[in-house]
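Commentary on secondary and tertiary structure
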Amino acid sequence: MAETISINNSKGGVAKSTSVITLSQILAIAGYKILIIDLDPQMNTTKMYGQDENPDVNIEHLFCTKQLRKSSVEEFITPTSQEGISIISASRDYYELIYKIHAASKEYPVELTFRNNLEFIKSDYDYIFIDNSPFKSALSNCSLCASDGVLTPINADNFSYDGLMDLIETIQNLNETYSLSIKFTGIFMTRVSSRTNLFKQMYESYEEMFEDRFIPVSIRQTDSVNQSNTAFIPLLSYDKRCTAAQDYIELANYLGLMDNKHYKKLVKFMKGEK
């Protein structure tokens, strides 16, 4: 049964999409089956895999209508060129969908519909990663309700303490309202220059403020990340030896996402072995 991990932050530009794409690629190369769900109307994750929104499906049905069969959920899923990764593409209708979810919430617990629908396909995957919009909305609440854990990437220069505490409070409220067990897995720093005084000061501050909620793995700033995003090529395909790729592998290990068997397969790929 897949573990569902939501990447969430109320700030933009903190590498949410890059984190979803790279962690998914690492785990797929290691031999896991991955489903990515792109809930950001900017569609960066969708475009990274050469996809576009699926005009043949009504995205409202996935979030507002309880499906009765697995095939009704499978029609939202598209395979990608990356072996082991499938995707539910983003939709330009998300802005309108937010209002429909909000209206439906007055009549029934619609925030659980997405979670219930995903149950049909969770046994087909090892991990499900959700890439969220930076805006808090009824749609982001649906995403949180469907998640087992929530990860938050942050930048040293635009960190919002209030925004993060609001996210943690929202998770607590949803857990209490719907008797869920969503876990706030923690925060990790991205795009850092580890030799700067700012990084050292912020690292120590986060560690003191959030204790075990602060993940001691930081993703270093590298040109390869920006270049791979511009070229719409996942990071390990673009430059698997860059420091950011190494850091994301360390993050996956720290989170316990890979067992030894799968990690060995990843190591062979990194070494260029078959």
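For the structure itself, look to the data block above.
Let me begin by describing the structure that accompanies this report. (Residues numbered from 1 in each chain as written. Predicted model: local features only at pLDDT ≥ 70, side-chain atom pairs only at ≥ 80, totals over all residues. Heavy atoms only, no water.)

**Considerations on the packing of helix α1 (residues 16-29) against helix α12 (residues 243-254)**
The geometry of α1 relative to α12 is characterised by a closest axis approach of 10 Å and an angle of 75° between their N-to-C directions. Between α1 and α12, the interaxial angle falls into the category roughly perpendicular. Residues Thr18, Ser19, Thr22, Leu23 and Ile26 of α1 touch α12, and the partners they reach there are Ala245, Tyr248, Ile249, Leu251 and Ala252. (Axes fitted to C-alpha atoms, helices over the stretch in contact; angles between N-to-C directions. Helix = DSSP H or I, 4+ residues; strand = E, 2+ residues; numbered from the N terminus. Parallel < 35°, antiparallel > 145°, perpendicular 65-115°, else oblique. Contact = heavy atoms within 4.5 Å.)

**A short note on the pattern of salt bridges**
According to the stated counting rule, one finds 7 salt bridges in the structure shown. Note that Arg220 is salt-bridged to Asp247, the shortest N-O span being 2.8 Å. Here the residue Arg220 occupies a position in the loop between α9 (197-210) and α10 (223-231), and Asp247 occupies one in helix α12, the gap between them amounting to 27 residues. For Arg220, a relative accessible area of 31% translates into the label partly exposed. With relative accessibility at 4%, the residue Asp247 sits in the buried group. The structure contains a network of salt bridges with shared partners spanning Glu60, Glu96 and Lys100. (Salt bridge = Lys/Arg side-chain N within 4 Å of Asp/Glu carboxyl O. Buried < 20%, exposed > 50% of the residue type's maximum accessible area, 1.4 Å probe, protein only.)

**Notes on the sheet that holds strand β5 (residues 127-132)**
Across the sheet, 7 strands lie side by side as β3-β4-β2-β5-β1-β6-β7; this open sheet has mixed pairing. Every interior strand has two partners, whereas the edge strands, β3 (77-79) and β7 (183-189), have only one. Averaged over neighbouring strand pairs, the angle between their axes works out to 25° when direction is ignored. In this structure, strand β1 (residues 3-7) lies alongside strand β6 (residues 149-154), joined through 3 bridges in parallel fashion. (Pairing = 2+ DSSP bridges.)

**Overview of the nonpolar core**
Ranked by internal contacts, the top residues of the largest apolar core, which has 39 residues, are Leu27, Ile34, Tyr127, Phe129, Tyr248, Met258 and Leu266. At the level of elements, β1, α1, β2 (34-39), β4 (85-88), β5, α11 (235-239), α12 and α13 (260-271) are the ones that each hand at least two residues to this core. Here the element with the most residues in this core is α1; it accounts for 7 residues. Once residues within four sequence positions are removed from consideration, Leu27 is found in contact with Tyr32, Ile34, Tyr127, Phe129, Leu257 and Met258. In this structure, Met43, Val57, Leu62 and Tyr125 belong to the second largest nonpolar core, which totals 30 residues. (Core = buried A, V, L, I, M, F, W, Y, C linked by side-chain atoms within 4.5 Å.)

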